[in-house]
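# Summary of structural features
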Amino acid sequence: MYAELKFSCCFVFLGQLWLLTFGAHVKQKPASKEKPYASILYTAVVGGKVALPCDISSPAADDSAALILWYRGESAQPIYTLDARRGKIKQARQSVSSQLENRAYFNMINRPAFLQLDPVRLDDAGEYRCRVDFHKARTINTIITLKVIVPPGDPLVLNEKGKELKGMVGPFNEGETIKLLCKSTGGKPRPSVIWWKEDILLDDSYTFKPHDVVDNELTIMNIKRKDLLSELTCKASNSNVTVPGSVSVTLDLNLKPKRVKIQSAIRPFSAEEEVELRCSSSGSRPSAYITWWKGNEQLQQTKLNVDNTGLETSILTFTPSITDDGKYLSCRADNPLIPNSAVEDGWKLEVYYKPQISLELGASRKAEKVKEGDDVYFECHIRANPWVSQVFWHFEGRSLTSNNSIGIIITNQTLAIHHVQREFRGRYSCSAQNVEGLGVSNEIFLKVKYVPRCDLNQKTTYGVAINEAVEVVCRLDADPSDVTFHWRFNTTTKHSDAIQYTSDQIESIATYIPQSGEDFGNLFCWGTNNIGIQIIPCVFTIVPAGPPNPLQNCSVLNQTQDQIAIECLEGYDGGMTQKFSLEVYTVEHNSLQANLTSKSPRFKLSNLSVGTLFRLHVYAWNAKGRSSVVIISASTLKPAEKLTDNGKTGKSVIVRPVLVALIAVVALLVVAAVVVVILIKYKNLRKRKVCYYVFLNHQSEAKEGRKMSFLFYSEVVDYSF
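Please read these numbers as outputs of a predicted model, since none were measured by experiment.

### Regarding the state of the cysteines
Applying the stated criterion to the full structure yields 7 disulfides. Sulfur-sulfur distance for the disulfide between Cys279 and Cys331 comes to 1.8 Å. Taking the sign of the S-S torsion, about -90° here, the bridge from Cys279 to Cys331 comes out left-handed. Taken together, the positions of Cys279 in strand β23 (residues 275-282) and Cys331 in strand β28 (residues 328-334) put the pair 52 residues apart, joining distant regions of the chain. With respect to burial, Cys279 and Cys331 carry one shared label: buried.

In structure tokens form, the structure reads like this:
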């Protein structure tokens with residue numbers, strides 16, 4: 001019994017698989033004497049494949065099919081022929097009509113054999129007849145009626161405006177009515193169009209429309225929270241042998257916030273002391289837009305946190321001021337996508353405070369567009385209770401007071417700078433104080449743009465020979481730094497603007513070649529930017545190149561038993577880069593002991609012979625030659641000598657004449673060196689200048705009006721020794 005049931009289940013499963021693969025069929029009445037053929041009804045789908053069965057088995061074991069012919073409709077011409085009359089059926093000759101070419105295949109391996117059509121076309125529908133002639137048995141005919149189904153196209157979901165919807169649709173607002181239209185086109189026979197929500201039937205009231213259209217409009221009134229992410233499926237089906245065409249959409253909803261609450265805080269608030277307030281809201285989708293309000297003013301210093309339960313918390317960092325006292329502070333949760341969805345919680349503020357200060361540049365100016373000669377105004381805005389006792393102004397962290405002579409005018413909460421100069425660029429701030437404390441403003445960096453001027457730390461004298469090229473570097477200080485350069489050679493007898501040069505921002509390099517003695521003199525360089533033209537040009541002196549001048553004030557700085565250090569002052573370099581050399585000779589044998597070269601006139605000799613007198617030759621040199629030699633005498637020190645008379649109780653020091661002479665020479669050299677060093681330092685100290693600058697206002701004859709200038713003066717510092 002169990003085996004029969006198992007066999008029966010397998011047969012049913014294989015039958016269903018056959019239907020899905022090769023089409024469905026309904027077997028009609030068997031052949032009889034009155035109707036000597038079997039009749040079968042088959043259903044196929046356009047684009048699929050179908051197997052039309054034909055039993056080619058002979059009733060007799062010693063017999064086989066000799067000729068197999070397939071006919072369609074009333075046509076007398078076969079559409080498929082298999083001729084085995086002259087041989088075995090496996091080697092039978094086959095022929096196919098043009099209407100089935102490349103789509104028909106007769107399978108004789110399976111039982112029953114079948115004619116497979118792949119793919120099936122709509123015009124394949126009709127009656128087919130399979131005629132089988134045997135070598136001995138009588139002919140058998142099998143009639144098959146093929147019904148071809150055209151499945152409907154996949155349905156479309158449209159909104160009220162006719163726009164196609166797919167996947168996640170919406171979002172729709174909670175509480176509103178939504179309408180979704182499902183439309184299916186084509187299909188033979190015409191399909192049914194039905195709405196489902198998961199396994200629940202929602203709407204099966206479809207309507208046939210012209211042009212093979214079937215539609216079904218679904219209306220959902222007052223959509224609820226529970227409908228969020230519901231999947232709605234529209235199915236279009238016209239047979240039980242095809243998979244229904246379907247399309248699913250998922251509802252996305254905007255939900256209203258359900259509650260909002262400000263967590264209690266310590267009150268009253270102290271001004272200028274930052275407090276943190278929290279407001280929680282839940283129930284909104286998407287997350288509620290939580291805003292904080294002070295009266296009708298929205299506060300901005302907030303951040304939002306959302307935990308895994310969907311609870312939204314807005315954190316307000318709030319620094320109250322005097323104007324906040326008595327105002328209503330509220331927290332409002334709102335879904336801006338849903339009209340009238342806001343809920344609110346709040347209370348009145350009570351505030352104590354110290355000065356609140358902000359600094360602004362005059363409305364007609366921008367800090368980055370100020371140029372030399374402009375007038376600049378700063379406004380110090382103050383909120384304080386009680387009112388401030390004094391207002392302070394600061395420049396680069398230092399106090400700033402009124403000074404009419406340099407154009408600084410302070411009036412209460414206003415700072416005015418007339419005819420601003422480059423030296424006024426920097427950071428400005430203001431502060432004020434009352435009994436509650438000191439308030440300090442923000443800083444504003446004032447960037448003053450100015451015309452080009454010379455870089456003071458650049459080489460101004462260049463030596464060059466006739467018909468030789470020299471590169472003269474001109475560096476400027478300017479803001480903006482996009483500078484256009486100009487060069488000119490000018491003497492009392494000649495001037496020329498035909499100077500070859502290159503430039504990059506605030507640096508230009510001129511290549512100058514003197515052709516004759518008249519080409520030595522002054523080379524001028526100046527620049528222009530969008531602020532104006534340089535007032536005083538940079539002057540470079542072009543002189544004939546020659547050997548450098550001799551070194552000056554050479555001194556022995558340090559002497560030991562095996563080391564000597566000397567230092568000299570540079571002379572004129574001949575207009576070219578110079579270097580310095582030292583040659584060391586022994587006085588006794590006049591032999592060269594060392595030859596040193598340095599970029600500076602300072603030398604240190606090591607590993608010298610002990611107690612030896614040397615002659616030092618020092619000179620400077622460049623590409624044009626070398627200076628005259630400066631000769632210095634110096635010696636290494638001898639170790640101290642102590643002699644005693646043997647056998648005598650008294651001790652005496654024997655001083656040799658040579659030793660006395662050597663000590664005297666060394667002493668004289670040391671004294672001379674000390675005197676030279678003192679004279680050099682004295683000379684340098686008298687040249688030192690302590691420079692101060694003061695701002696002066698003077699009336700200019702130019703149309704520009706008042707200008708700022710600097711007066712430099714020197715205070716000579718005298719030292720007594």
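### Here's the deal with the sheet that holds strand β16 (residues 200-203)
Sheet strands line up and pair through hydrogen bonds in the backbone, either parallel or antiparallel. Strand order in the open sheet formed by 5 strands is β13-β20-β19-β15-β16, with mixed pairing between adjacent strands. The open sheet has two edge strands, β13 (167-173) and β16, and neither has a second partner. The average undirected angle you get between the axes of adjacent strands in this sheet is 35°. Judged from the 6 bridges that link them, strand β15 (residues 192-197) and strand β19 (residues 231-237) form a sheet pairing that is antiparallel. Its bridge partner being in β19, Trp196 is matched across the sheet by Thr233.

### Quick notes on the pattern of salt bridges
Per the stated rule, a full pass over the model turns up 25 salt bridges. A salt bridge links Asp215 to Lys209; the nearest nitrogen and oxygen atoms lie 3.0 Å apart. Notably, a salt bridge pairs Arg475 with Asp455, separated by 3.6 Å at the nearest N-O pair. Of this pair, Arg475 sits in strand β43 (residues 470-479) while Asp455 sits in the loop between β41 (448-454) and β42 (461-464); the two residues are 20 residues apart in sequence, bridging distant segments of the chain. By relative accessible area, Asp455 is classed as partly exposed at 26%. Members of the salt-bridge network, linked through shared partners, are Asp83, Arg85 and Arg93.

### Some details on the packing of aromatic side chains
One pass over the structure, following the stated rule, counts 11 aromatic pairs. A ring pair is formed by Tyr80 and Phe106, whose centres lie 6.0 Å apart and whose planes are at 40°; its orientation type is tilted. Of this pair, Tyr80 sits in strand β5 (residues 80-83) while Phe106 sits in strand β7 (residues 104-107), and the two are 26 residues apart along the sequence. For the residue pair Tyr80 and Phe106, the accessibility class agrees, reading buried in each case.

About the criteria used
Residues numbered from 1 in each chain as written. Predicted model: local features only at pLDDT ≥ 70, side-chain atom pairs only at ≥ 80, totals over all residues. Heavy atoms only, no water. Disulfide = S-S within 2.5 Å. Helix = DSSP H or I, 4+ residues; strand = E, 2+ residues; numbered from the N terminus. Buried < 20%, exposed > 50% of the residue type's maximum accessible area, 1.4 Å probe, protein only. Pairing = 2+ DSSP bridges. Axes fitted to C-alpha atoms, helices over the stretch in contact; angles between N-to-C directions. Salt bridge = Lys/Arg side-chain N within 4 Å of Asp/Glu carboxyl O. Phe/Tyr/Trp six-rings, centres within 6.5 Å; stacked < 30°, edge-to-face > 60°.

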